[in-house]
Amino acid sequence: MISPKSVARFLLTFAVIFALLMLPWLRLAEGYTAIFRAVGTWCFTSQEGRREVTFVESPDRATHTTYARIEIANRDLLKPDGSGPIRHLDMDVRRSGWQPTALLLALVLASPVRWKRRISALCWGCLWLQLVAMAFLAFAIWNESSEIGLVTLSPFWKSLASEWQYNFITLFSIVAPVVVWLLLTFRDGDMAAWRRAARAKF
(Lines give C-alpha, C1' and ligand atoms only; values in the text may rest on other atoms or scores of the structure.)
Protein backbone atom coordinates (compact mmCIF):
# COMPACT_ATOMS: atom_id res chain seq x y z
CA MET A 1 0.00 0.00 0.00
CA ILE A 2 1.02 3.65 -0.37
CA SER A 3 2.82 4.90 2.73
CA PRO A 4 1.20 7.61 4.86
CA LYS A 5 4.34 9.71 4.36
CA SER A 6 3.84 9.69 0.57
CA VAL A 7 0.19 10.64 0.94
CA ALA A 8 1.07 13.47 3.33
CA ARG A 9 3.76 14.75 0.94
CA PHE A 10 1.31 14.71 -1.97
CA LEU A 11 -1.41 16.52 0.01
CA LEU A 12 0.99 19.17 1.30
CA THR A 13 2.50 19.81 -2.12
CA PHE A 14 -0.95 19.99 -3.69
CA ALA A 15 -2.23 22.42 -1.05
CA VAL A 16 0.77 24.74 -1.40
CA ILE A 17 0.62 24.84 -5.23
CA PHE A 18 -3.14 25.34 -5.32
CA ALA A 19 -2.98 28.12 -2.71
CA LEU A 20 -0.25 29.91 -4.68
CA LEU A 21 -2.19 29.68 -7.93
CA MET A 22 -5.30 31.14 -6.28
CA LEU A 23 -3.55 34.06 -4.55
CA PRO A 24 -5.34 37.25 -5.66
CA TRP A 25 -2.22 39.42 -5.81
CA LEU A 26 -0.64 37.19 -8.47
CA ARG A 27 -3.52 38.22 -10.78
CA LEU A 28 -3.45 34.86 -12.56
CA ALA A 29 -7.25 34.71 -12.60
CA GLU A 30 -7.40 38.15 -14.25
CA GLY A 31 -5.01 37.00 -16.96
CA TYR A 32 -7.06 33.85 -17.50
CA THR A 33 -10.22 35.99 -17.77
CA ALA A 34 -8.68 38.08 -20.55
CA ILE A 35 -7.69 34.91 -22.44
CA PHE A 36 -11.17 33.45 -21.85
CA ARG A 37 -12.82 36.50 -23.41
CA ALA A 38 -10.43 36.41 -26.38
CA VAL A 39 -11.01 32.70 -27.03
CA GLY A 40 -14.77 33.10 -26.55
CA THR A 41 -14.82 35.97 -29.04
CA TRP A 42 -12.95 33.86 -31.57
CA CYS A 43 -15.27 30.87 -31.09
CA PHE A 44 -18.68 32.53 -30.91
CA THR A 45 -18.55 35.97 -32.52
CA SER A 46 -19.69 36.04 -36.13
CA GLN A 47 -20.93 38.67 -38.57
CA GLU A 48 -23.40 36.20 -40.04
CA GLY A 49 -26.55 34.51 -38.75
CA ARG A 50 -29.34 35.74 -36.50
CA ARG A 51 -27.39 35.49 -33.25
CA GLU A 52 -24.98 38.27 -32.34
CA VAL A 53 -22.57 37.49 -29.49
CA THR A 54 -20.22 40.06 -27.95
CA PHE A 55 -17.75 39.55 -25.10
CA VAL A 56 -17.19 42.62 -22.94
CA GLU A 57 -15.75 43.44 -19.54
CA SER A 58 -18.09 43.34 -16.57
CA PRO A 59 -19.67 46.72 -15.75
CA ASP A 60 -18.65 46.03 -12.13
CA ARG A 61 -15.02 45.42 -13.07
CA ALA A 62 -13.80 47.51 -10.13
CA THR A 63 -15.18 44.91 -7.69
CA HIS A 64 -15.49 41.86 -9.98
CA THR A 65 -12.20 41.74 -11.83
CA THR A 66 -12.69 38.19 -13.06
CA TYR A 67 -16.24 38.53 -14.35
CA ALA A 68 -17.00 38.45 -18.07
CA ARG A 69 -20.22 39.63 -19.66
CA ILE A 70 -21.54 38.00 -22.83
CA GLU A 71 -24.11 40.08 -24.69
CA ILE A 72 -26.49 38.05 -26.85
CA ALA A 73 -28.76 39.74 -29.39
CA ASN A 74 -31.21 38.67 -32.07
CA ARG A 75 -30.27 40.56 -35.24
CA ASP A 76 -33.86 40.28 -36.45
CA LEU A 77 -34.99 42.37 -33.47
CA LEU A 78 -32.28 45.04 -33.61
CA LYS A 79 -33.04 48.50 -34.93
CA PRO A 80 -30.87 50.20 -37.57
CA ASP A 81 -29.01 52.09 -34.82
CA GLY A 82 -28.14 48.80 -33.11
CA SER A 83 -30.53 49.16 -30.19
CA GLY A 84 -32.91 46.40 -29.20
CA PRO A 85 -33.37 43.56 -26.71
CA ILE A 86 -30.07 42.15 -25.45
CA ARG A 87 -29.61 39.17 -23.14
CA HIS A 88 -26.73 39.47 -20.66
CA LEU A 89 -24.85 36.38 -19.51
CA ASP A 90 -22.48 37.23 -16.63
CA MET A 91 -19.86 34.64 -15.72
CA ASP A 92 -17.42 34.45 -12.83
CA VAL A 93 -14.49 33.18 -14.89
CA ARG A 94 -12.38 32.68 -11.77
CA ARG A 95 -14.83 30.11 -10.47
CA SER A 96 -15.91 28.51 -13.74
CA GLY A 97 -12.56 28.52 -15.55
CA TRP A 98 -9.47 29.40 -13.56
CA GLN A 99 -10.33 27.44 -10.39
CA PRO A 100 -10.70 24.05 -12.16
CA THR A 101 -7.57 24.80 -14.20
CA ALA A 102 -5.59 25.62 -11.04
CA LEU A 103 -6.95 22.48 -9.37
CA LEU A 104 -5.73 20.35 -12.28
CA LEU A 105 -2.30 22.05 -12.28
CA ALA A 106 -1.87 21.45 -8.55
CA LEU A 107 -2.98 17.81 -8.74
CA VAL A 108 -0.67 16.98 -11.64
CA LEU A 109 2.37 18.85 -10.32
CA ALA A 110 2.02 17.17 -6.91
CA SER A 111 1.65 13.67 -8.39
CA PRO A 112 4.46 11.18 -7.67
CA VAL A 113 5.17 10.36 -11.32
CA ARG A 114 7.96 11.24 -13.75
CA TRP A 115 8.15 14.82 -14.97
CA LYS A 116 7.73 13.74 -18.58
CA ARG A 117 4.34 12.27 -17.73
CA ARG A 118 3.38 15.29 -15.64
CA ILE A 119 4.14 17.68 -18.49
CA SER A 120 2.15 15.55 -20.92
CA ALA A 121 -0.78 15.40 -18.49
CA LEU A 122 -0.64 19.17 -17.99
CA CYS A 123 -0.70 19.92 -21.73
CA TRP A 124 -3.47 17.50 -22.64
CA GLY A 125 -5.41 18.07 -19.42
CA CYS A 126 -5.51 21.85 -19.78
CA LEU A 127 -6.57 21.47 -23.41
CA TRP A 128 -9.43 19.13 -22.49
CA LEU A 129 -10.56 21.38 -19.64
CA GLN A 130 -10.74 24.42 -21.90
CA LEU A 131 -12.66 22.45 -24.54
CA VAL A 132 -15.19 21.42 -21.90
CA ALA A 133 -15.41 25.03 -20.68
CA MET A 134 -16.11 26.25 -24.23
CA ALA A 135 -18.72 23.50 -24.68
CA PHE A 136 -20.45 24.67 -21.50
CA LEU A 137 -20.30 28.26 -22.70
CA ALA A 138 -21.89 27.23 -26.01
CA PHE A 139 -24.69 25.54 -24.06
CA ALA A 140 -25.19 28.60 -21.84
CA ILE A 141 -25.36 30.93 -24.86
CA TRP A 142 -27.85 28.59 -26.54
CA ASN A 143 -30.00 28.45 -23.40
CA GLU A 144 -29.97 32.23 -22.87
CA SER A 145 -30.85 32.73 -26.55
CA SER A 146 -34.33 31.39 -25.79
CA GLU A 147 -35.04 34.67 -23.98
CA ILE A 148 -34.77 36.71 -27.19
CA GLY A 149 -36.51 34.43 -29.67
CA LEU A 150 -33.49 32.62 -31.07
CA VAL A 151 -34.40 29.27 -29.51
CA THR A 152 -37.85 27.88 -28.72
CA LEU A 153 -38.12 25.79 -25.56
CA SER A 154 -41.15 24.51 -23.69
CA PRO A 155 -41.37 25.49 -19.99
CA PHE A 156 -40.22 21.97 -19.01
CA TRP A 157 -37.14 21.97 -21.24
CA LYS A 158 -36.31 25.56 -20.34
CA SER A 159 -36.41 24.69 -16.64
CA LEU A 160 -34.26 21.61 -17.23
CA ALA A 161 -31.72 23.51 -19.35
CA SER A 162 -31.45 26.31 -16.78
CA GLU A 163 -30.95 23.74 -13.99
CA TRP A 164 -28.15 22.08 -15.93
CA GLN A 165 -26.57 25.46 -16.64
CA TYR A 166 -26.61 26.31 -12.95
CA ASN A 167 -25.36 22.94 -11.68
CA PHE A 168 -22.72 22.35 -14.34
CA ILE A 169 -20.42 25.03 -12.94
CA THR A 170 -20.18 23.23 -9.60
CA LEU A 171 -19.71 19.83 -11.23
CA PHE A 172 -17.11 21.14 -13.67
CA SER A 173 -15.16 23.05 -11.02
CA ILE A 174 -14.56 19.95 -8.91
CA VAL A 175 -15.27 16.76 -10.84
CA ALA A 176 -13.76 17.51 -14.25
CA PRO A 177 -10.20 18.35 -13.04
CA VAL A 178 -10.08 15.25 -10.84
CA VAL A 179 -11.30 12.95 -13.63
CA VAL A 180 -8.85 14.44 -16.16
CA TRP A 181 -6.01 14.16 -13.62
CA LEU A 182 -6.71 10.48 -12.94
CA LEU A 183 -7.09 9.56 -16.62
CA LEU A 184 -4.02 11.38 -17.94
CA THR A 185 -1.51 11.16 -15.09
CA PHE A 186 -1.57 7.55 -13.92
CA ARG A 187 -1.04 4.19 -15.59
CA ASP A 188 -2.15 0.64 -14.74
CA GLY A 189 1.21 -0.33 -13.28
CA ASP A 190 1.61 2.66 -10.96
CA MET A 191 -0.20 1.13 -7.99
CA ALA A 192 1.83 -2.08 -8.19
CA ALA A 193 5.07 -0.08 -8.39
CA TRP A 194 4.10 1.97 -5.33
CA ARG A 195 3.30 -1.21 -3.39
CA ARG A 196 6.71 -2.69 -4.26
CA ALA A 197 8.45 0.54 -3.24
CA ALA A 198 6.56 0.67 0.06
CA ARG A 199 7.40 -2.97 0.86
CA ALA A 200 11.07 -2.36 0.07
CA LYS A 201 11.23 0.32 2.76
CA PHE A 202 10.00 -1.99 5.50
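Residues numbered from 1 in each chain as written. Predicted model: local features only at pLDDT ≥ 70, side-chain atom pairs only at ≥ 80, totals over all residues. Heavy atoms only, no water.

A. Spatial organisation of the overall build of the protein. When you go through the protein residue by residue, the secondary structure sums to 6 helices and 3 strands. Along the protein, helices (α) and strands (β) appear in the sequence α-α-β-β-β-α-α-α-α when read from the amino end. For a compact globule of 202 residues, the expected C-alpha radius of gyration is about 17 Å, and the protein comes in at 21 Å, more than 25% above that figure. Principal-axis analysis of the C-alpha atoms places the extent of the protein at approximately 80 × 40 × 25 Å. Within the protein, residue pairs in contact and separated by at least 24 positions form 66% of the contacts whose partners lie at least 6 positions apart. Of the roughly 12,300 Å² of accessible surface on the protein, a fraction of 66% belongs to carbon and sulfur atoms. In the protein, 23 positive and 15 negative side-chain charges are present, and the distance between their average locations comes to 18 Å. (Helix = DSSP H or I, 4+ residues; strand = E, 2+ residues; numbered from the N terminus. Rg over C-alpha atoms; globule rule 2.2 N^0.38 Å. Contact = heavy atoms within 4.5 Å. Areas by Shrake-Rupley, 256 points an atom, 1.4 Å probe, with all protein chains shown as cover. Lys, Arg positive; Asp, Glu negative; His and termini not counted. Charge placed at Lys NZ, Arg CZ, Asp CG, Glu CD.)

B. Seen up close, the nonpolar core. Counting residues in hydrophobic clusters, the biggest one holds 43 residues, and the most contacted among them are Ile70, Trp98 and Leu137. Where this core is concerned, the elements lending two or more residues are α1 (4–21), α2 (28–44), β1 (51–57), β2 (67–74), β3 (86–92), α3 (93–110), α4 (115–144) and α5 (155–185). (Core = buried A, V, L, I, M, F, W, Y, C linked by side-chain atoms within 4.5 Å. Buried < 20%, exposed > 50% of the residue type's maximum accessible area, 1.4 Å probe, protein only.)

C. Spotlight on empty space enclosed by the protein. Across all of its chains, the model carries 1 cavity of 30 Å³ or more by this definition. Each pocket or cavity is described by its volume, and for the largest cavity that value is around 40 Å³. Considering the residues around the largest cavity, the lining is formed by Phe36, Met91, Ser96, Ala133, Phe136, Phe168 and Phe172. Only α4 and α5 provide two or more residues apiece to the lining of the largest cavity. Residues belonging to the lining of the largest cavity are distributed by class as follows: 6 nonpolar, 1 polar and no charged. (1 Å grid on protein atoms, 1.4 Å probe; cavity = no way out; pocket = protein on both sides within 12 Å on 5 of 7 lines; lining within 4 Å. Points joined across faces, edges and corners; volume = space filled by probe spheres on them. Nonpolar A, V, L, I, M, F, W, Y, C, P; charged D, E, K, R; others polar.)

D. Seen up close, the packing of α3 against α5. Following both chains from N to C, one finds α3 and α5 inclined at 30°, their axes separated by 9 Å at the closest point. One element, α3, and the other, α5, form an angle in the roughly parallel class. Taken as a pair, α3 and α5 cross one another with a handedness that is right-handed. Where α3 approaches α5, its residues Arg95, Ser96, Gln99, Pro100, Leu103, Leu104, Leu107 and Val108 are matched on the opposing element by Ile169, Thr170, Phe172, Ser173, Ile174, Pro177, Val178, Val180, Trp181 and Thr185. Residue classes in the contact of α3 with α5 are distributed as 12 nonpolar, 5 polar and 1 charged. (Axes fitted to C-alpha atoms, helices over the stretch in contact; angles between N-to-C directions. Parallel < 35°, antiparallel > 145°, perpendicular 65-115°, else oblique. Left-handed = near helix turned anticlockwise from the far one by under 90°.)

E. Representation of the environment of Asp81. Mapped onto the elements of the fold, Asp81 is located in the loop between β2 and β3. Residues Asp81 and Cys123, spaced 42 residues apart in sequence, show a C-alpha to C-alpha distance of 45 Å. Within the structure, Asp81 has its side chain in polar contact with the side chain of Ser83 (distance 2.7 Å). (Polar contact = N/O pair within 3.5 Å; in protein donor to acceptor, adjacent residues only side chain to side chain.)

F. Quick look at the side chain of Ser145. Relative to the helices and strands, Ser145 is located in the loop between α4 and α5. At 2.9 Å, the side chain of Ser145 and the side chain of Arg51 are in polar contact. Residues in contact with Ser145, not counting those within four places in the same chain, are Arg51, Ile72, Leu150 and Val151.

G. Main features of α2. With 17 residues, α2 should reach 24 Å at 1.5 Å per residue; the first-to-last C-alpha distance of 24 Å fits that figure. Within α2, the full set of buried residues consists of Ala29, Glu30, Tyr32, Thr33, Phe36, Arg37 and Gly40. For α2, the buried positions fall inside an angular range of 155° around the axis, keeping them on one side. Opposite its buried face, α2 presents the exposed residues Ile35 and Trp42, each directed more than 90 degrees away. Against the buried residues of α2 lie β1, β2, β3, α3 and α4. (Expected span 1.5 Å × (residues − 1). Arc of directions from axis to C-beta.)

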